[in-house]
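The chain contents come next:
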Amino acid sequence: MSVALDLFSPPRMVAERRGDGVLVLRSADPLGGHASSMPTRSAPAPWHIPGRVPAAQRAGDEWISISWGAAGERASIARVRTRSG
């Protein structure tokens, strides 16, 4: 027995064919509120769950991971370095 689920609304697309042959597709529905970037989206996380690991990478038999707290510290250092030149 199978049950059809309507998880997503039907797509509504607008297609624009440009003079140079490029086809641009976009949604006919306006974009709702969203974060400007992934770092902006995750910015509060280091302060609320600093010990949680959001990313890990395999290195041979070991895993290299970074916690939200460590990622937040690195991002803060990078922002300072970027601003100071």
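Higher on the page you've got the structure.
Residues numbered from 1 in each chain as written. Predicted model: local features only at pLDDT ≥ 70, side-chain atom pairs only at ≥ 80, totals over all residues. Heavy atoms only, no water.

Across its full length, the protein holds three helices and four strands. Walking the protein from its N terminus toward its C terminus, one meets helices and strands in the order β-β-α-α-β-β-α. Contacts spanning at least 24 positions in sequence make up 4% of the contacts within the protein whose residues lie at least 6 apart. For the protein, the accessible surface area stands at approximately 7800 Å², while carbon and sulfur atoms represent 57% of it. (Helix = DSSP H or I, 4+ residues; strand = E, 2+ residues; numbered from the N terminus. Contact = heavy atoms within 4.5 Å. Areas by Shrake-Rupley, 256 points an atom, 1.4 Å probe, with all protein chains shown as cover.)

The next subject is the side chain of S67. Topologically, S67 is positioned in the loop between β4 (62–66) and α3 (68–84). Here the side chain of S67 touches P50 through a polar contact of 3.3 Å, landing on its backbone oxygen. Setting aside its immediate chain neighbours within four residues, S67 contacts P50, G51, R52, V53 and P54. (Polar contact = N/O pair within 3.5 Å; in protein donor to acceptor, adjacent residues only side chain to side chain.)

Moving on, we come to the pattern of salt bridges. In this structure the tally under the stated criterion is three salt bridges. A salt bridge links D29 to R12, with the shortest nitrogen-to-oxygen separation between them at 2.9 Å. Taken together, the positions of D29 in the loop between β2 (23–27) and α1 (38–42) and R12 in the segment before β1 (13–17) put the pair 17 residues apart, joining distant regions of the chain. Measuring nitrogen to oxygen at the nearest pair gives 3.5 Å for the salt bridge that ties E16 to R26. Highlighted residues: E16 in strand β1 and R26 in strand β2, separated in sequence by ten residues. Taken together, the salt bridges that share partners define one network made up of E16, R18 and R26. (Salt bridge = Lys/Arg side-chain N within 4 Å of Asp/Glu carboxyl O.)

Burial of β4 is sparse: only zero of the five residues sit out of reach of the surface. Bridge count between strand β3 (residues 55–59) and β4: five bridges; the pairing is antiparallel. Bridged to A55 within β4 is I66. Turn length for the β3-β4 hairpin, with the two strands adjacent in sequence and antiparallel, is two residues, and the turn residue G60 shows positive phi of about 70 degrees. (Buried < 20%, exposed > 50% of the residue type's maximum accessible area, 1.4 Å probe, protein only. Pairing = 2+ DSSP bridges.)

Turning our attention to a nonpolar patch on the surface. A contiguous nonpolar patch, built from M13, L23 and L25 and spanning about 300 Å² of accessible area, is present on the exposed surface. Here L25 is to be found in strand β2. You can call L25 exposed: its relative accessible area is 53%. (Patch = residues over 30% accessible without salt bridge, like charges linked within 9 Å, V, L, I, M, F, W, Y side chains within 5 Å.)

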